[in-house]
Amino acid sequence: MEQKLLIKRAKRGDTHAFAEIYSQVYKKLYQHALYILGNRADAEDVVSETVVEAFDHLKDLKKDEAFDVWIFRILQARCNRKLRDTYVARETVDFEDYVEKHSADSVEALEELVSETQSVINSIDLQTALAKVDPLDREIINLHVVLGYKTAEVASILEMNENTVRSREARALKKLKKLMKEVI
Amino acid sequence: MDNRNDFLDNLEIPESLQPEHIEQMLNEHKKEKKNTWTIQKTIACCASVGLITLAGVAGAIALQSNYDTRIDRPSGLAARTEDKNGILHLVSSKKELENYFKYNHLNYGGDIVEEEMAPDATAPDASDSDYSFNDDDTDTSHSSTNVMVDGIDEGDIVKTDGKYLYVLRSNGILEICSAKEGKLEKISSINATEEDHGSYYAEVREFYLDEANHKLIVMFSAGQTYIQVFDITNPSKPDKAYVYTQSGEYYTSRYVGEYIYVFSRMWASELEGCSGIPSINGANMDCSQIYMSDGLVNSEMIMSAVKVNSDGRLEVSDSTSVIIPYNEVYMGHDNIYLYYMDYEDWKTCIIRFGYSNGKFDLTGTTRVNGYIQDKFAISERDGYLFLLTKESSNMSSENRFDVYDEEFKVVGSVRDIAPDELIYAARYIGDKVYFITYRQIDPLFVVDISDPTNPTILGEVEITGYSEYLHPYGDNLLLGLGYETVDNGYGGMRQDSLKLVMFDISDAMNPAIKDAVEIPNSYYSEALYDYKAIFVSKEKNLIGLMAYVEDGYEYGARYFLYQWKDDHFELAADYAIENCNDLRGNFIGDYFYLTSSNGIISVDILDGFEKVDEVKF
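Keep in mind it's a predicted model, so treat the numbers as computed, not measured. (Residues numbered from 1 in each chain as written. Chains lettered and ligands numbered in written order. Predicted model: local features only at pLDDT ≥ 70, side-chain atom pairs only at ≥ 80, totals over all residues. Heavy atoms only, no water.)

Novice: How should the overall build of chain B be read in this particular structure?
Specialist: Across its full length, chain B holds 5 helices and 42 strands. Burial status across chain B gives 56% buried among its 617 residues. Surface accessibility of chain B: about 26,000 Å² in total, with carbon and sulfur atoms responsible for 46%. (Helix = DSSP H or I, 4+ residues; strand = E, 2+ residues; numbered from the N terminus. Buried < 20%, exposed > 50% of the residue type's maximum accessible area, 1.4 Å probe, protein only. Areas by Shrake-Rupley, 256 points an atom, 1.4 Å probe, with all protein chains shown as cover.)

Right, dumping it as structure tokens:
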């Protein structure tokens, strides 16, 4: 069925129509959340929160064709909150300890992700290099290169200027290339 | 693309996130909501006093929990001055900032952004003054950049002073061409970014023209934000003069009086790398100039007031920095408003700074329900803030118009405007605000705001399609640019060609449609979302914009010029264009100049819009 019609129905509260739109994007949402948060349980939470929010606020969606961008923004905000909650919880935790633990989790999750993304980026070296790139640039690369969003869409999701996204990506890719040489 | 899908297919996704589970979950979610609603309704019917008490308790609980989350922060961040809404507080020490970013961003392997030293400001060479602005009787009346607020200049990629056209090309080269009665001549070019910016790609964004002092003021980013002044007393020999730098990527700016207010943004990851302390002309800002907000933010907005002296010297009057999520900027005649959507509770946070005489003064913050849907939906006048917002909850939504006083107390409102519709365009003109909402048809609403405490809907008029942008056309007319819509065969509407509408607003109680015209075979125009890309001149009776057209198998872009004659739009001319990006229309005297990144053409307005001349860059 045409996506616009589905959105229209979903706006009226049709959960089946919503689930159908969701089915076209949920893998990307989960992958991206996993990529930002670095652990499966959090990514799962964040995606289901995002879904409820999106369903409740679907009427705010102005341009039906921009559904992907819109839901990704909500996801981004939920991810940020997740990170912040962790930050509040950390008050009672020894900082160094936490960072160490968290980094270990992240590296593990990243490694898992690497094996899953082999068909796209089939080089461990590249992933190692990618880990050294600025986190924002990594997000750009993930959305654009891995998930296949257009630069304009990436810019909307991250609420950045399109030129900025382009130049940041170009710069990051240049840096990646350099890092790759070092790794090899 | 196939590769991507493969990899996503192989990704192991939790059972709970599969679409069928989600559908089930949403069904339950819907039921829950319905139940809550029924219970509330029952209570309301049988015991209204009870409801008030309950609401009071609920409010107290909400406040309490709000408070709890706010005090629950690392001890290093405890002592500070807080504004009453808790949106912002001043950074107390460098250490606090360091801690904040240490805690706030769990990024492994983050990249430290190399700070670049600002190049030394160099005095301009004494310019050869053999060139003089000769005053003959050529008509040098001219157009200027289409801005949001009258009297507050904005940068753009093309400017004119009535003698020259200054065109910033997409490659960063600024071309200066003389334009006398349609005759075009390339005079000189400026490369604003010729210096080596290391690994940074220099991006020239826009510029200002200081006509009185013969200066071009170029805004660009190259690892940080630059303001570069060029002396054009002799336009054939532009001279590089002063430079100013501040951290972050150029975002936007305004030019009011002698001051350029420049806004730049640093991203979270950069903040972490350099402890969040921005630099101005290479020197670190003082912590007492930095405000931060609670919670996890992704950027820092740095704003400075830079005085442009008559000799082109740039003098920093004041700088401040605010660590907040990605925000928009609205600048009225009295205040700067930074606002952003907090997706957690779907509220808009607003931060207000006074800016008189180039000094920033944080005068208040607030959180309002809903969000601001259009850049033109916010305005200020006489100490009042006017906001058109949309608030939605539980599958329903409402548009509303609110007037806030200086304390951010609501003093006047219009509620429940066009429920479930979206605001597509808005414009404040004098003591009225005009706005367009849309679902199936496009009503234009007129709200009288002459008494801010009592805003009133005066009238409305409906038309098919919708407008995305509104522009006053003289005192009695209002131009709308948007789309026509047609039935899509599924019982809904589909967007058709671009459309111009002229509303008659002479009688606010009874606004009317004077005329509407579809731009033939068009499907998109940059002018829909970039107001600087539309040319509107009542003086020359001209409306110009570029549009992509599709005619059978022919695709392309054309520039359309319309005139308003006898209460109707009349297509005056249209031109096929090769480079459809960065198009701008301007007039000087009786000639119209269409500029792109590739060149300029001139046409004679009085002589059937015939092409007079052309230059290629």
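Novice: Please clarify how the sheet that holds strand β39 (residues 584-588) of chain B should be interpreted in this entry.
Specialist: Where strands meet in a sheet, backbone hydrogen bonds hold them as pairs that are either parallel or antiparallel. All names here are of chain B. The strand order across the open sheet formed by 4 strands is β39-β40-β41-β42, and the pairing between neighbours is antiparallel. Since the sheet does not close on itself, it has two edges, and those belong to β39 and β42 (610-616), each with one partner. On average, each strand axis in the sheet is tilted by 20 degrees relative to the strand beside it, whichever way the strands run. Note that strand β40 (residues 591-595) and strand β41 (residues 599-604) share 5 bridges and pair antiparallel. The residue bridging F592 from the neighbouring strand is V603, located in β41. (Pairing = 2+ DSSP bridges. Axes fitted to C-alpha atoms, helices over the stretch in contact; angles between N-to-C directions.)

Novice: Just checking my understanding: could you explain the environment of M285 of chain B for this structure?
Specialist: Residues and elements named next belong to chain B. Topologically, M285 is positioned in the loop between β13 (283-284) and β14 (290-292). For M285, a relative accessible area of 5% gives the class buried. Sequence spacing of M285 and P443 is 158 residues, and the spatial spacing of their C-alpha atoms is 49 Å. Not counting the four nearest positions on each side in its chain, M285 is found in contact with I277, P278, S279, I280, I290, I302, S319, T320 and S321. (Contact = heavy atoms within 4.5 Å.)

Novice: Before we go on, may I ask you to explain helix α8 (residues 135-146) of chain A in this structure?
Specialist: Given 3.6 residues to a turn, an α-helix orients residues that are three or four positions apart in the same direction. In terms of burial, α8 of chain A is a largely internal element, 10 of the 12 residues being buried. Taken together, the buried positions of α8 of chain A are P135, L136, D137, R138, E139, I140, I141, N142, L143 and V146 of chain A.

Novice: I would appreciate a short explanation of the nonpolar core in the present structure.
Specialist: The biggest cluster of nonpolar side chains holds 151 residues, and the ones touching the most others in it are Y261, I336, L338, F401 and F503 of chain B. Broken down by element, this core gets its largest block of residues, 10 residues, from helix α5 (residues 67-89) of chain A. (Core = buried A, V, L, I, M, F, W, Y, C linked by side-chain atoms within 4.5 Å.)

Novice: Would you explain the confidence of the model for chain A in this entry?
Specialist: The predicted coordinates should not be examined in detail at positions where pLDDT is low. Residues and elements named next belong to chain A. On average, residues of chain A carry a pLDDT of 72, and 66% of them reach 70 or more. When mean pLDDT is taken per element in chain A, helix α2 (residues 15-23) scores highest with 91 and helix α6 (residues 95-116) scores lowest with 45. Considering only residues more than four positions removed or in separate chains, one finds that residues 113-123, a stretch of pLDDT under 50, has 23 contacts. (pLDDT = per-residue confidence, 0-100.)

Novice: Help me understand the pattern of salt bridges, please; the structure alone is not making it clear to me.
Specialist: Pairs can form between side chains of opposite charge whenever their charged atoms are close. Residue and element names in this part refer to chain B. By the definition in use, this model includes 27 salt bridges over all chains. Measuring nitrogen to oxygen at the nearest pair gives 3.3 Å for the salt bridge that ties D567 to K514. On the criterion of sequence distance, the pair formed by D567 in the loop between β37 (554-565) and β38 (568-577) and K514 in strand β33 (residues 512-518) is long-range, its members being 53 residues apart. Overall, the relative accessible area of 31% leaves K514 in the partly exposed class. A cluster of three or more residues bridged by salt bridges with shared partners is formed by E391, E398, R400, D402 and R415. (Salt bridge = Lys/Arg side-chain N within 4 Å of Asp/Glu carboxyl O.)

Novice: Sorry, what's going on with the pairing of strand β32 (residues 493-504) of chain B here?
Specialist: Note on strand geometry: in a regular strand, side chains alternate between the two faces of the sheet. Residues and elements named next belong to chain B. As judged from the 10 bridges shared by strand β31 (residues 477-487) and β32, these two strands associate in the antiparallel manner. Within β32, the residue paired with D487 across the bridge is M493. With 6 bridges connecting them, β32 and β33 associate as antiparallel partners. Of the residues in β33, the one forming a bridge with D504 is A512.

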